[in-house]
Amino acid sequence: MKTLESISTVAGKYFAVWVIAVAVIAYFIPEPFLGLGAYITILLGVVMFGMGLTLKPVDFKLVIKKPVPVIFGVAAQYVLMPLVALALAFILNLPPELAAGLVLLGSVPGGTASNVMVYLAKGNLALSVAMTSFSTMLAPVLTPLILLALAGQWMPVDPMAMFVSIVQVIIIPIALGIFIRRLFPVAVNKSVSVIPLISVLAIIIIVSAVVSGNVESIATSGLLIFTAVMLHNLAGLFLGYLAAFLMRLDESKRRAISIEVGMQNSGLGVALATAHFGPLAALPNVIAAVWHNISGPILATIWSKKPVNREENPDLQARVKKTGT
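Per chain, the residues get numbers from 1 upward, laid out in the order the sequence is written. The predicted nature of this model means local features are confined to residues of pLDDT at least 70 and side-chain atom pairs, given and counted, to a pLDDT of 80 or more, with totals for whole chains, interfaces and linings taken over all residues. Just so you know, side-chain values use all the structure's heavy atoms and leave hydrogens and water out.

Chemist: Can you walk me through the overall build of the chain in this structure?
Modeler: Across its full length, the chain holds 16 helices and zero strands. Within the chain, buried positions represent 55% of all 325 residues. It only takes one pair of heavy atoms within 4.5 Å for two residues to be counted as in contact. Residue pairs in contact within the chain that sit at least 24 positions apart in sequence constitute 86% of those at least 6 positions apart. Accessible area of the chain: about 13,900 Å², with a carbon and sulfur share of 72%. Only DSSP runs of H or I with at least four residues qualify as helices, and only runs of E with at least two residues qualify as strands; both kinds are numbered from the N terminus onward. Under the scheme applied here, a residue whose accessible area is under 20% of the maximum for its type counts as buried, over 50% as exposed, and between as partly exposed, the area being computed with a 1.4 Å probe on protein chains only. The method behind every accessible area is Shrake-Rupley, applied with a 1.4 Å probe, and residues are considered shielded solely by the protein chains displayed.

Here it is as structure tokens:
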């Protein structure tokens with residue numbers, strides 16, 4: 001178990017490196033990875049099950065005790081990111097499938113890696129975890145409706161089918177993880193440090209599957225869509241911080257909301273794009289899986305050098321530091 005924990009720590013720490021390396025290999029040698037696309041939904045379910053294993057009732061208490069920052073942050077995420085994606089799609093004149101994929105990226109909930117980034121950035125970790133959990137629970141309703149309103153002009157959107165997909169790959173695995181943790185808390189606590197390794201492997205396989213299946217599209221549109229994803233992410237980080245500043249929230253909450261708004265669940269975006277739009281629409285989400293894990297650590301490192309007074313849950317801090325989730 002100690003060996004697995006060490007491997008898991010290294011995997012989480014150098015996640016961006018592994019993703020970039022596998023993406024490059026899958027691009028130049030696609031054949032070994034072409035059959036993996038059929039497992040994208042299952043792999044994302046595994047990642048979400050791992051998230052459920054790490055969640056505790058305390059993670060949801062903040063929504064009840066101090067709901068304003070959580071609700072405000074989630075609202076900013078579901079309003080700002082889709083609109084920024086829509087604007088970039090028009091400004092950059094993206095092809096329809098890529099435009100729909102970028103809007104999809106802006107419409108999914110926050111990614112679990114954002115919690116680690118907030119911790120490293122000395123942001124309000126309790127707020128970050130609450131936002132991730134709350135936005136994920138709202139995703140089955142909000143993500144399809146946002147896509148129907150904004151991306152329906154480029155691609156047909158079936159909100160009910162998308163609702164079912166999100167429930168299947170997000171809500172059910174998370175609920176199952178929470179249930180298993182409640183039944184076997186001791187066993188889960190002993191093995192929870194290995195979860196980052198499983199999540200990293202799953203995301204890497206997803207990335208390799210989509211890259212290998214879209215080599216030609218990446219060759220022709222790679223630079224354009226990378227620019228779009230980068231601008232989308234940077235705009236989210238900036239606007240999230242600005243919105244929290246205008247709400248007069250303290251610095252730790254500004255950092256948490258900034259990172260939560262800017263970092264999306266790109267794995268969910270890949271699964272939904274592949275299932276409902278087509279493989280090309282998954283590209284923005286694949287690139288986001290790489291870029292978010294570059295920009296996030298950079299911003300976290302900058303902020304880590306500027307201490308702030310935080311209202312934190314010590315148990316939550318210890319858990320994130322240990323598990324990387």
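Still more ground to cover, so stick around.
Chemist: Got a minute to help me understand the side chain of threonine 136 in this structure?
Modeler: Structurally, threonine 136 is set in helix α8 (residues 125-150). In this view, threonine 136 contacts Met51, Pro109, Gly110, Ile170, Ile171 and Ile174; residues no more than four positions away in its chain are not counted.

Chemist: Sorry if this is basic, but what is going on with the environment of serine 212 here?
Modeler: Take serine 212: it is sitting in helix α11 (residues 195-213). Note: C-alpha distance between serine 212 and phenylalanine 28 (184 residues apart in sequence) is 8.3 Å. The contacts of serine 212, once residues within four sequence positions are left out, are Ala26, Pro30, Phe33 and Leu34. Polar contacts, as used here, are pairs of N or O atoms within 3.5 Å; protein pairs need one atom able to donate a hydrogen and one able to accept it. Residues neighboring in sequence count only if both atoms are side-chain atoms. From its side chain, serine 212 meets the backbone oxygen of serine 208 in a polar contact 2.9 Å long. Polar contacts involving the side chain of serine 212 include one to the main-chain carbonyl oxygen of alanine 209, which spans 3.0 Å.

Chemist: It is not clear to me how a nonpolar patch on the surface should be interpreted in this structure. Could you clarify?
Modeler: Each patch is built from residues that are more than 30% exposed by relative accessible area and take part in no salt bridge. Like charges join if they lie within 9 Å; nonpolar side chains (Val, Leu, Ile, Met, Phe, Trp, Tyr) join within 5 Å. Only one rule defines a salt bridge in this text: a Lys or Arg side-chain nitrogen within 4 Å of an Asp or Glu carboxyl oxygen. Together, Val141, Leu145, Leu148, Met160, Phe163 and Val164 make up a nonpolar patch on the protein surface, roughly 520 Å² of accessible area in all. Listing elements by their share of the nonpolar patch, those giving two or more residues are α8 and α9 (159-183). Counting through the fold element by element, leucine 148 comes out in helix α8. Of the residues examined, leucine 148 reaches a relative accessible area of 42% and is grouped as partly exposed.

Chemist: Explanation requested: the pattern of salt bridges in the structure shown.
Modeler: Enumeration according to the criterion identifies three salt bridges in this entry. Between lysine 253 and aspartate 250 there is a salt bridge; the shortest N-O distance is 3.0 Å. Accessibility expressed as a relative area gives 28% for aspartate 250, which makes it partly exposed. Between arginine 255 and glutamate 251 there is a salt bridge, and its shortest N-O distance comes to 2.9 Å. Taken together, the positions of arginine 255 and glutamate 251, both in helix α13 (residues 251-262) and four residues apart, correspond to about one turn of that helix. With relative accessibility at 3%, the residue arginine 255 sits in the buried group.

Chemist: Please explain helix α5 (residues 67-91) as it appears in this structure.
Modeler: A turn of α-helix holds 3.6 residues, and therefore any two residues three or four places apart point the same way. Multiplying 1.5 Å by the helix residue count minus one yields the expected span of that helix. Helix length check: α5 (25 residues) gives 36 Å between terminal C-alpha atoms against 36 Å at 1.5 Å per residue, within 8%. One or two steps after α5, the chain reaches asparagine 93, where phi turns positive at roughly 55°.

Chemist: Just checking my understanding: could you explain the UniProt feature "transmembrane region" (unreviewed entry) in the chain for this structure?
Modeler: UniProt positions are given in the numbering used here, feature names are shortened, and annotations may be inferred rather than shown by experiment. Using the residue numbers shown here, the UniProt feature "transmembrane region" (unreviewed entry) corresponds to residues 12-30, 36-55, 67-92, 98-121, 133-154, 160-180, 192-211 and 223-246. Each end of residues 36-55 is marked by a C-alpha atom, and these two atoms are 29 Å apart; helix forms 75% of the span and strand 0%. Helix makes up 96% of residues 67-92 and strand 0%, and the two end C-alpha atoms of the span are 37 Å apart.

Chemist: Where do I start with the packing of α8 against α13 in this structure?
Modeler: The axes of two packed helices give the description: the angle between them and the distance between them. Inter-axis angles, ranging from 0 to 180 degrees, are taken between N-to-C directions of lines fitted to C-alpha atoms, where helices are fitted over the stretch in contact. Axis separation between α8 and α13 bottoms out at 9 Å; the angle between their running directions is 30°. As far as their axial angle goes, α13 and α8 are roughly parallel. In terms of crossing hand, the pair formed by α8 and α13 is right-handed. Counted together, Leu127, Ser128, Met131 and Thr132 of α8 and Lys253, Ala256, Ile257 and Glu260 of α13 form the full contact between these two elements. Residue classes follow a fixed rule: Ala, Val, Leu, Ile, Met, Phe, Trp, Tyr, Cys and Pro count as nonpolar, while Asp, Glu, Lys and Arg count as charged, and any other residue, Gly among them, counts as polar. Among the residues forming the contact of α8 with α13, the class breakdown is four nonpolar, two polar and two charged. The scheme is simple: roughly parallel for angles under 35 degrees, roughly antiparallel for over 145, roughly perpendicular for 65 to 115, oblique for anything else. Two helices that cross are described as forming a left-handed crossing if the nearer one is turned anticlockwise from the farther one by less than a right angle, and a right-handed crossing if clockwise.

Chemist: Got a minute to help me understand the packing of aromatic side chains in this structure?
Modeler: The description of two aromatic rings rests on the distance between their centres and on the angle between their planes. Only the six-membered ring of Trp is used, alongside the rings of Phe and Tyr, when aromatic pairs are assigned; centres must lie within 6.5 Å, and planes under 30 degrees apart are stacked while those over 60 apart are edge-to-face, with the rest tilted. In this structure the tally under the stated criterion is four aromatic pairs. The interplanar angle of 45° and the centroid separation of 5.4 Å between the aromatic rings of phenylalanine 90 and tryptophan 154 together place this pair among those described as tilted. In this pair, phenylalanine 90 is assigned in helix α5 and tryptophan 154 in the loop between α8 and α9, connecting sequence segments 64 residues apart. In this structure tryptophan 154 comes out as buried when scored by relative accessible area, which is 18%. The interplanar angle of 80° and the centroid separation of 5.7 Å between the aromatic rings of phenylalanine 226 and tryptophan 291 together place this pair among those described as edge-to-face. Placement of the pair is phenylalanine 226 in helix α12 (residues 215-246) and tryptophan 291 in helix α15 (residues 283-304), with a sequence separation of 65 residues. The class of tryptophan 291 is buried, set by a relative accessible area of 14%.

Chemist: I'm lost on the side chain of asparagine 233 in this one. Help?
Modeler: For asparagine 233, the location among the structural elements is in helix α12. Here asparagine 233 falls in the buried class, since its relative accessible area comes to 0%.

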